[in-house]
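Here are the chains, one letter per residue:
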Amino acid sequence: MDIGTYLTFAHSDRLLCGQVVRLNKTADSPEDWKLEVRGRSGRSLILESYIESGCMLHPNWEHCDLFISGGWDALADAGYIRTHYFDAVAAREKDRQDRLARKPAMVREDRKYDA
């Protein structure tokens, strides 16, 4: 992250976007930043913690606007990102079925080595 970086962040239960104009490391954590962020209107906000504000970096204003308006789905629909939806329940079931299908071969192999 550097001056000029575009980001979205949570403020007063709303998602906002802005551009970093000043940043300093916090005294509490060397991995956290105190940011001054300026919106397109020219108004600035001070974010005491990059981590706690839920900031997400973006390459430009358009990217920020799309994320605020529709989240990841809007970015994917516009072609900015490629997504892969992962269904954990379906994946576990497929894994269980694969194990059951391999079981007879595993039993034969075990018997071969036991003899």
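As shown above, the structure is provided for reference.
One numbering rule holds for all chains: residues counted from 1, following each sequence as written. It should be noted that, the model being predicted, local features are given only for residues of pLDDT at least 70 and side-chain atom pairs only at 80 or more, the latter also being counted only at that level, while totals for whole chains, interfaces and linings use all residues. Hydrogens and waters are ignored; side-chain quantities use all the structure's heavy atoms.

Asks: With reference to specific residues and values, describe the sheet that holds strand β4 (residues 44–47).
Replies: On the basis of which strands lie adjacent, the open sheet formed by five strands has the order β4-β3-β2-β1-β5 and antiparallel pairing. Unpaired on one side and paired on the other, β4 and β5 (56–58) mark the two borders of the sheet. Put simply, the sheet's adjacent strands are angled 40 degrees from each other on average, direction ignored. As judged from the four bridges shared by strand β3 (residues 33–38) and β4, these two strands associate in the antiparallel manner. When the bridges of β4 are listed, Leu-35 appears paired with Leu-47. Against the sheet, helix α1 (residues 61–77) makes contact with β1 (6–11), β2 (14–25), β3 and β5, and its axis sits at roughly 135 degrees relative to β2, the strand it touches most. Following DSSP output, two strands are said to pair if at least two bridges run between them. Counting from the N terminus, the helices are the DSSP runs of H or I reaching at least four residues and the strands are the DSSP runs of E reaching at least two. To define axes, lines are fitted to C-alpha atoms, for helices over the stretch in contact only, and angles between the resulting N-to-C directions are given on a 0 to 180 degree scale. What makes two residues a contact is simply this: any of their non-hydrogen atoms within 4.5 Å.

Asks: Talk me through the side chain of His-63; I want residue IDs and the actual numbers.
Replies: If you trace the backbone, His-63 turns up in helix α1. Here a polar contact means two N or O atoms within 3.5 Å. Within protein one must be a hydrogen donor candidate and the other an acceptor candidate, and residues neighboring in sequence count only if both atoms are side-chain atoms. Engagement of the side chain of His-63 in a polar contact is seen with the side chain of His-58, the distance being 3.0 Å. Apart from residues lying up to four places away in sequence, His-63 is in contact with His-58, Leu-75 and Tyr-80.

Asks: Which residues make up α1, and what are the values?
Replies: Here a helix's expected span is defined as the number of its residues, less one, multiplied by 1.5 Å. Helix length check: α1, at 17 residues, gives a terminal C-alpha distance of 17 Å against a target of 24 Å (1.5 Å per residue), a shortfall beyond 12%. A residue's bend is simply the angle between two axes: one fitted to the seven residues ending at it, one to the seven starting at it. Most pronounced at Gly-70, the bend in α1 amounts to some 125 degrees. Considering only its buried residues, α1 is in contact with β1, β2, β3 and β5. Capping of α1 at its N-terminal end is provided by Asn-60; its side-chain oxygen lies 3.3 Å from the backbone amide nitrogen of Glu-62. Positive backbone phi, approximately 85 degrees, marks Gly-79, located one or two places after α1.

It is worth stressing that arrangement in space is one thing and function is another; only the former is reported here.
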